[in-house]
Amino acid sequence: MTLTKLCLVAALSVPMASFAAGPFQPGDQDFIPMGAANAGAPTAPAGNSGAAATQTTAAANVATSSSGSPSVAKSGDAQHAEDEGGVHFNGGISTSVGLGTFVAPATSAYLATIFNVGAAYGFEVKGKKLLATAGWLGYYELTLPDDEAGRRFSPWDIRPSLSAPKLWTEEHTGISLSPSVGFTIPASIESVNATLITALSAGVSANKKLGPFGLRLSVNGTRSFYRVPFVPTFARPAPPAGPLVYIGREGETYINTAGMNPAWSLITGAGVSWSPTKAVSINIGYTYLNTWKYAAADTVDQYTPQALDSNGNPVAHSGMGRGDRVIGTVAISYAINDAFSIDLSMFTAQAPLIKDKTTGQYIPRFPYLAFGELAGNASSVSFGLSGNF
């Protein structure tokens with residue numbers, strides 16, 4: 001599964017996810033921060049993928065909100081738990097479609113159903129409000145899967161988190177700061193295959209209310225731990241999921257690699273919400289993901305290429321690799337009643353820069369639609385129903 005498959009599923013969970021979860025796609029190391037914000041992503045989407053989007057959204061969720069929402073609005077269960085205290089639950093089901101379905105349906109069609117459940121617990125310690133959240137997400141691809149094993153259902157990692165909503169508020173501006181910490185329980189097939197042990201994260205968000213508008217800025221850092229620093233292909237006659245055969249030398253444990261696993265990630269997010277009525281909420285979010293991968297080599301030796309690029313820089317670099325992504329989300333939510341709401345959203349995940357074909361210079365991309373690359377399903381739309389109790 002590639003970037004497109006993730007991009008699409010994520011759109012569903014944008015307005016609905018009440019938790020920060022994020023699976024990892026082997027081969028997607030330049031895309032999403034692993035675990036709490038799984039870092040990695042393919043440089044170019046392929047096939048009918050949308051699953052890569054799902055993971056990126058999860059990463060954005062972790063970075064931009066203590067409740068997991070990539071916009072300024074918290075999920076219902078987290079907001080209720082913060083306001084009222086006690087235990088609250090959230091669940092949702094949605095359908096997501098990649099825009100490649102409308103551009104190149106023969107090769108890029110992608111349609112998936114996403115299920116999510118979450119829980120939030122609000123309590124106080126020494127007069128300070130604390131909020132604990134956790135959740136699970138899975139998606140089922142309705143179109144023909146493009147992964148090697150033909151797997152339709154994929155679970156996500158589980159990421160418990162603890163935050164202190166409005167721990168400190170600046171009296172003159174009304175800006176409140178909310179720190180949070182979390183860790184990842186590897187539950188996705190991708191994370192298990194990548195040998196993830198866990199990922200630890202910490203961050204803080206700044207929030208400000210201006211009448212019907214809400215503003216949010218956030219930053220989140222993640223450190224991921226693996227049994228091996230690269231994404232391995234294990235030597236085995238055939239995996240349980242399908243009749244694949246991996247051929248290697250006798251005694252080999254790993255016979256191939258899909259690149260280096262992410263070690264560190266830094267996610268910066270911004271969001272604006274507008275509630276024109278009590279029932280309607282419109283959210284726009286922007287997230288920038290920086291990823292530093294484990295180093296494949298730490299030294300320059302006689303085997304390192306000495307060639308220079310057109311700018312005079314070495315074509316080969318040792319040390320940690322980099323991978324950056326931007327995520328743009330637009331979501332509209334309508335509260336049917338106190339418990340249920342319907343959500344419509346668009347999600348786009350792509351590299352932050354694109355090369356101008358005329359000048360050869362790299363210029364910033366428009367973050368909310370993958371112009372010229374819709375067939376890759378980097379942009380997706382979703383419609384869903386969520387409930388909070």
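This structure is a prediction, so every number in the text was calculated from the model and none was measured.

(A) Summary view of the overall build of the protein chain. The number of helices and strands found in the protein chain is six helices and 18 strands. Residues classed as buried in the protein chain amount to 49% of the 389 residues present. Expressed as a percentage of contacts within the protein chain between residues at least 6 apart in sequence, the contacts between residues at least 24 apart total 68%. By element, 64% of the accessible surface of the protein chain is carried by carbon and sulfur atoms, the whole surface being about 17,200 Å².

(B) Structural context of the pattern of salt bridges. One pass over the structure, following the stated rule, counts three salt bridges. One salt bridge in this structure joins Arg151 and Glu190, with 2.8 Å as the shortest N-O distance. With Arg151 in the loop between β3 (128-141) and β4 (153-155) and Glu190 in helix α6 (residues 189-193), this pair connects stretches of sequence that are 39 residues apart. Accessibility classification places Arg151 together with Glu190 in one group, the buried group. For Glu373, the salt bridge is made with Arg365, and the minimal N-O distance between the two is 2.4 Å. Judged by relative accessible area, which is 18%, Arg365 ranks as buried.

(C) Representation of the packing of aromatic side chains in the model. Counted under the stated rule, the structure contains seven aromatic pairs. Their ring planes at 80 degrees and their centres at 6.0 Å tell us that Tyr226 and Tyr294 sit as a pair that is edge-to-face. Residue Tyr226 is found in strand β9 (residues 213-226), and its partner Tyr294 is found in the loop between β13 (280-293) and β14 (321-335); the two are separated by 68 residues along the sequence. A single burial state applies to Tyr226 and to Tyr294, both of which are buried. Taking the centre distance of 5.5 Å and the plane angle of 80 degrees together, the rings of Phe340 and Phe389 count as edge-to-face. Of this pair, Phe340 sits in strand β15 (residues 340-350) while Phe389 sits in the segment after β18 (379-388), placing them 49 residues apart in sequence.

(D) Up close: the pairing of strand β2 (residues 111-125). As paired strands, strand β1 (residues 86-98) and β2 are joined by twelve bridges and run antiparallel to one another. Bridge pairing links Phe89 to Ala119 in β2. With 14 bridges connecting them, β2 and β3 associate as antiparallel partners. Of the residues in β3, the one forming a bridge with Tyr121 is Ala132.

(E) Representation of the side chain of Asn116 within the structure. Following the sequence through the fold, Asn116 ends up in strand β2. Classification of Asn116 by relative accessible area gives buried; the value is 2%. For Asn116, the side chain forms a polar contact with the side chain of Asn90, separated by 3.2 Å.

(F) The environment of Pro160, seen in detail. Relative to the helices and strands, Pro160 is located in the loop between β4 and β5 (161-163). The class for Pro160 is buried, based on a relative accessible area of 18%. C-alpha separation for the pair Pro160 and Gly118, spaced 42 residues apart in sequence, amounts to 10.0 Å. Not counting chain neighbours up to four residues away, the residues in contact with Pro160 comprise Thr133, Ala134, Gly182, Phe183 and Ile185.

(G) Quick look at unusual backbone geometry. Although it is not a glycine, Lys126 sits at a positive phi angle of roughly 55 degrees. Along the chain, Lys126 turns up in the loop between β2 and β3. The backbone of Lys166 sits at a positive phi, close to 50 degrees, despite the residue not being glycine. With respect to the helices and strands, Lys166 occurs in the loop between β5 and β6 (168-169).

Rules behind the numbers
Residues numbered from 1 in each chain as written. Predicted model: local features only at pLDDT ≥ 70, side-chain atom pairs only at ≥ 80, totals over all residues. Heavy atoms only, no water. Helix = DSSP H or I, 4+ residues; strand = E, 2+ residues; numbered from the N terminus. Buried < 20%, exposed > 50% of the residue type's maximum accessible area, 1.4 Å probe, protein only. Contact = heavy atoms within 4.5 Å. Areas by Shrake-Rupley, 256 points an atom, 1.4 Å probe, with all protein chains shown as cover. Salt bridge = Lys/Arg side-chain N within 4 Å of Asp/Glu carboxyl O. Phe/Tyr/Trp six-rings, centres within 6.5 Å; stacked < 30°, edge-to-face > 60°. Pairing = 2+ DSSP bridges. Polar contact = N/O pair within 3.5 Å; in protein donor to acceptor, adjacent residues only side chain to side chain.

From the geometry alone we can't say anything about function, so treat these as descriptive.
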